[in-house]
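# An overview of the molecular structure
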Amino acid sequence: MEFRKAKISDIPNLVKTIVEAEKSGTSILTYSTIMELDETQAHELITNVLSIEDLEPCELSLNSFFVAEENGEFAGACSMWLEGEGGVASAQVKSNALMQYLTIDVIRKMMGVRKISQSMQIVQEEGTLQVGVVFVSEAFRGRRLAASLINFTIQNSKSESLKIDKVQVQVFSCNTPAIKAYAKLGFKKKSEIRGMYNAQNYYPCTTKILMELNINKK
Amino acid sequence: MNQSEIQEKLFPIFKEVFEKEIGITPELTASDVANWDSLTHMVLITTLEERFGVKFTLRDLNKMKNVGVLMQIIEKKLN
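Below or above, wherever it landed, is the structure these notes cover. This one's a predicted model, so the numbers in the text were calculated from it and none came from an experiment. (Residues numbered from 1 in each chain as written. Chains lettered and ligands numbered in written order. Predicted model: local features only at pLDDT ≥ 70, side-chain atom pairs only at ≥ 80, totals over all residues. Heavy atoms only, no water.)

In this section: the layout of surface pockets. Residue and element names in this part refer to chain A. A volume near 260 Å³ is recorded for the second largest pocket. Contributing to the lining of the second largest pocket are 17 residues, with M80, W81, L82, E85 and E160 lying nearest its centre. Secondary structure elements with two or more residues in the lining of the second largest pocket: β3 (73-82) and α7 (145-160). Each residue belonging to the lining of the second largest pocket can be placed in one class, and the counts come to eight nonpolar, five polar and four charged. (1 Å grid on protein atoms, 1.4 Å probe; cavity = no way out; pocket = protein on both sides within 12 Å on 5 of 7 lines; lining within 4 Å. Points joined across faces, edges and corners; volume = space filled by probe spheres on them. Helix = DSSP H or I, 4+ residues; strand = E, 2+ residues; numbered from the N terminus. Nonpolar A, V, L, I, M, F, W, Y, C, P; charged D, E, K, R; others polar.)

All names here are of chain B. Compared with an ideal rise of 1.5 Å per residue, which puts 15 residues at 21 Å, helix α2 (residues 38-52) spans 21 Å between its outermost C-alpha atoms and is within 8% of the ideal. Among the 15 residues of α2, twelve are classified as buried, and the element is accordingly described as predominantly covered. All of the buried residues along α2 are L39, T40, H41, M42, V43, L44, I45, T46, T47, L48, E49 and F52. Immediately downstream of α2, the backbone of G53 shows phi near 65°, a positive value. (Expected span 1.5 Å × (residues − 1). Buried < 20%, exposed > 50% of the residue type's maximum accessible area, 1.4 Å probe, protein only.)

Looking now at the pairing of strand β5 (residues 166-172) of chain A. All names here are of chain A. With six of seven residues buried, β5 lies mostly within the body of the structure. Summarising the sheet, strand β4 (residues 129-136) and β5 pair through three bridges and their orientation is parallel. Bridge pairing links Q130 to Q168 in β5. Crossover connection from β4 via α7 to parallel β5: handedness right-handed. Note that β5 and strand β7 (residues 207-214) share seven bridges and pair antiparallel. (Pairing = 2+ DSSP bridges. Right-handed = clockwise from strand over helix to strand, strands pointing away.)

See the structure below:
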């Protein structure tokens, strides 16, 4: 198994990675529900953002992704970035990038769900390494590949920026396999946020958990 | 339009977008305003573009670490 930085030709697989990870084992894709896009349109939007050259760090920046492959076959991917590295919060970078491909009508319509979206928001802490999405292809599951990929990416980021001492990930409470996998890697639950009741129509579930790993103790 | 005129014009726009009065200073950042989340950010930017008659590039937007930088960019675009 080989781990490497993602490149442009990986984009179709990264779109799949983002979509599957966002769904967290459910059929709800937040990009579709919040922006009222069908899945094809959501795929197109994510493809466009991933294709932006040298986008500052955020969960949709190509530079944030690492890929696992075996004999040239895509096995999985994950994204991580140093929060606030470009001087602006990653959530803002992501919005700025998405905006380039959304019409004003879509943006205005989203205002109707902003209270729900705010109720699900955990602000990413500046200076921490943020885990965005993690996905392993079906054929490669059961080999602890996600754990290896996450560890590899953490070590790689740590070697690029020595001051990183905390890794954080936000997971939906319904995503039990992910929570267990992060716990096995040493992540501890730090806090949780309960969204508004009707957030269930837009998100995989209404509780989000913040987990944290201290990498200086190791 | 100079910085203070821009700042004056920002006040009602911020009030409209965030649905409350926001004390506007150059140091103000998104994390200082409770409702400045991803979606509201998009509405704020499109409203600013509309009212000032400017168009921000992605590069401009990703430089806006605070309201001071936002005002500088608007000023540059208007002059």
